[in-house]
Structure formats: C-alpha cells, structure tokens
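These are the residues of each chain, in order.
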Amino acid sequence: GEKADPLTMYLADIYTIPVNLAGNCAINVPCGFSADNGVGRLPIGLQIIGDYFAEATVFKAAAALERDLALDLRSPLVIG
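In this text, all values refer to a predicted model and were calculated from it rather than measured experimentally. (Residues numbered from 1 in each chain as written. Predicted model: local features only at pLDDT ≥ 70, side-chain atom pairs only at ≥ 80, totals over all residues. Heavy atoms only, no water.)

**Student:** Quick rundown of helix 3 (residues 55-69)? Include the residues and the values.
**Tutor:** With 15 residues, helix 3 extends 21 Å from end C-alpha to end C-alpha; this agrees with the ideal 21 Å at 1.5 Å per step. Following helix 3 by one or two positions, Ala70 adopts a phi angle in the positive range, close to 45°. (Helix = DSSP H or I, 4+ residues; strand = E, 2+ residues; numbered from the N terminus. Expected span 1.5 Å × (residues − 1).)

Below, the structure written as structure tokens:
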C-alpha cells in the first residue's frame, strides 16, 4: 500500500538510500526465515552490495547464495 506520511516513506527507504546515492549496485536475496515467536515466521533478506559497474559479480554472488542455501521459499504461514 502507498504511504502518505513523508516520514514513514523516508524511514522505509533509509537502508537503500546510501547505496543509491553512492552509485553502487545492490541486490536483496532471501536467506531464511525468523523463528516463530507467536506471530509466524517472517522472511529475512541479505543485501549484497558491489562496486561501481560490478553487477555481474553481485548477480553471481546472489545466485551462489541461493543455490547453496537451497531454501524452501514458499510463503510461511503467518498468524494475524
């Protein structure tokens, strides 16, 4: 859903802005799920950041991580 509050929008982007401003390439890769502590298991992602114009290296690292983890990426049951 769209966020109308400017502060909420800023806080949602706070972890992606520095990489964008620096001009680096980055990708977020699923790397597991949190422990079920009464609210269901939540997905966890890992951000891989590369140097300028190093997209191929970042993609290779992301593919290797996904291959080696071999996660079951079906959506977990979330109790809400």
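**Student:** Tell me about the pattern of salt bridges, residues and numbers included.
**Tutor:** All told, the structure shown has 1 salt bridge when counted by the stated rule. Two residues, Asp68 and Arg67, come together in a salt bridge whose shortest N-O distance is 3.6 Å. Owing to a relative accessible area of 59%, Asp68 belongs among the exposed residues under this scheme. With a relative accessible area of 58%, Arg67 lands in the exposed category. (Salt bridge = Lys/Arg side-chain N within 4 Å of Asp/Glu carboxyl O. Buried < 20%, exposed > 50% of the residue type's maximum accessible area, 1.4 Å probe, protein only.)

**Student:** Report on the nonpolar core, specifying residues and quantitative values.
**Tutor:** Core analysis: the largest hydrophobic core is formed by 6 residues, namely Cys25, Val29, Ile48, Ala54, Val58 and Ala62. Secondary-structure elements contributing two or more residues to this core are strand 1 (25-33) and helix 3. Apart from residues lying up to four places away in sequence, Ala62 is in contact with Ile27, Val29 and Ile48. (Core = buried A, V, L, I, M, F, W, Y, C linked by side-chain atoms within 4.5 Å. Contact = heavy atoms within 4.5 Å.)

Functional significance is not addressed by these values, which are geometric in nature.
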